[in-house]
Every structure is written in C-alpha cells, then in structure tokens.
Amino acid sequence: MSGTPEIYEKIITVKASDLDELKHVNNVQYVQWIQDIAKEHWENRASEEILTTYFWVVIRHEIDYKKQAFLNDELLIETFVGEHTHVTSQRLVNIKNKDSGKVLVQAKSTWCLMDYKTKKPVKISPEMLRVFYK
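This write-up is about the structure you can find in this document. If you're wondering where the values come from, they're calculated on a predicted model, not measured in any experiment.

Turning next to unusual backbone geometry. Excluding glycine, a negative phi dihedral is what most residues carry, and trans is how most peptide bonds are arranged. Not every positive phi belongs to a glycine, and Asn 72 is a case in point at roughly 75 degrees. Tracing the backbone shows Asn 72 in the loop between strand E2 (54-65) and strand E3 (74-84). We classify Asn 72 as exposed; its relative accessible area is 55%. Here the phi dihedral of Lys 119 falls at roughly 60 degrees; this positive angle occurs in a residue that is not glycine. Structurally, Lys 119 is set in the loop between strand E5 (103-115) and helix H3 (126-130).

So, on to the side chain of Glu 78. Locating Glu 78 in the fold gives a position in strand E3. Among all residues touching Glu 78, those that are not within four sequence positions of it are Ile 7, Tyr 8, Glu 9, Ile 37, Leu 92, Val 93, Asn 94 and Lys 96.

A word on the sheet that holds strand E4 (residues 88-97). Strand order in the open sheet made by the five strands is E1-E3-E4-E5-E2, with antiparallel pairing throughout. Bordering the open sheet on either side are strand E1 (8-13) and E2, each of which pairs with just one other strand. Neighbour-to-neighbour, the strand axes of this sheet turn through a mean angle of 25 degrees, independent of strand direction. Inspection of the sheet shows E2 paired to E5 by 11 bridges, in the antiparallel sense.

Now for the pairing of E5. Of all the 13 residues making up E5, 10 are buried; the element is thus mostly covered by neighbouring parts of the structure. Where E4 and E5 come together, nine bridges link them in antiparallel fashion. Paired with Leu 92 across the strands is Lys 108, a residue of E5. Count of turn residues in the E4/E5 antiparallel hairpin: five residues, of which Gly 101 carries a positive phi of about 80 degrees.

Working definition: an aromatic ring pair is given by the centre-to-centre distance plus the angle between the planes. Scanning the entire structure with this criterion turns up six aromatic pairs. These aromatic residues form a ring-pair network of at least three members: Tyr 30, Trp 33 and Tyr 65.

With 17 residues, the main nonpolar core has Tyr 30, Trp 33, Leu 75 and Ile 95 as its most contacted residues. Within the residue set of this core, elements represented by two or more residues are E1, helix H1 (27-45), E3, E4 and E5. It is H1 that provides the largest number of residues to this core, a total of four residues. With residues up to four places along the chain from it excluded, the contact list for Ile 95 reads Tyr 30, Trp 33, Ile 34, Leu 75, Leu 76, Ile 77, Lys 102, Val 103, Leu 104 and Val 105. One finds Trp 42, Ala 46, Val 81 and Ile 124 within the second-largest nonpolar core, a separate group that totals 16 residues.

Rules used in this analysis
Residues numbered from 1 in each chain as written. Predicted model: local features only at pLDDT ≥ 70, side-chain atom pairs only at ≥ 80, totals over all residues. Heavy atoms only, no water. Helix = DSSP H or I, 4+ residues; strand = E, 2+ residues; numbered from the N terminus. Buried < 20%, exposed > 50% of the residue type's maximum accessible area, 1.4 Å probe, protein only. Contact = heavy atoms within 4.5 Å. Pairing = 2+ DSSP bridges. Axes fitted to C-alpha atoms, helices over the stretch in contact; angles between N-to-C directions. Phe/Tyr/Trp six-rings, centres within 6.5 Å; stacked < 30°, edge-to-face > 60°. Core = buried A, V, L, I, M, F, W, Y, C linked by side-chain atoms within 4.5 Å.

Read these as layout, nothing more, since geometry by itself doesn't imply function.
Here it is in structure tokens:
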C-alpha cells in the first residue's frame, strides 16, 4: 500500500511494578508495552465490524534494548506498521525517554491476521491496510 503509515503514540510513566531487581524497567515489561500499544492502535482505528471479524496474533518479536528506564521516567511509545505479506504485517515500535528523546527500545514484530470464526489466517485486504494509514 502506498501512503504514509499513521504513527500512533502514547505517554506512560514508569511505575515501581515495571522494575526488576536492578531498579530499571524489566525487559518483560517492554514486551508487554509493545503488545499493548499494537492492540490499542488496532482497537482505536478499526471499525466495530472489523474488530468483531478479525484479530491479530504475534508470531515474532525482534527487540533491541538500547538504554535503561527508571522509576517515574516518562516514556513516549510510538508504533506504526511496516511491510506486509498476504496474512502478516510488521509493526514497528520505538520507546523513547520523553524528556531526552533518546531511544530506549526498538522493536519489530510480525503479526498474523486471523478470522474469529475459523481461527485461521486470513488475507489482509486493502481495506484492512487503510486502517493503519493516514
């Protein structure tokens, strides 16, 4: 699809429950945020009809941990879609320190579009791709 993917953003504040024993954000928490923002973007952009017909499952995460985040840091989480095949779509996520703008985490995830009725992969239509573009 030609065009510019929509960048979906949210700001979060690191809580004590996000930290590991070293007092920085646990790597597992980053994975949760990566999945959460993908789901939130989908649910905010797709129509009710699309949401009740299709769902996405992650089949791969590639994550580069670049810098640490600590208690009370404000983080900017950005996501947008990248390349796609017939049934899969890449989703890119950047997690940055809101104040410094420095990238803490870069992730590329591959998601597969599924049909609620059959529970099988389904072709990504142009209409479905338009959900993620400006």
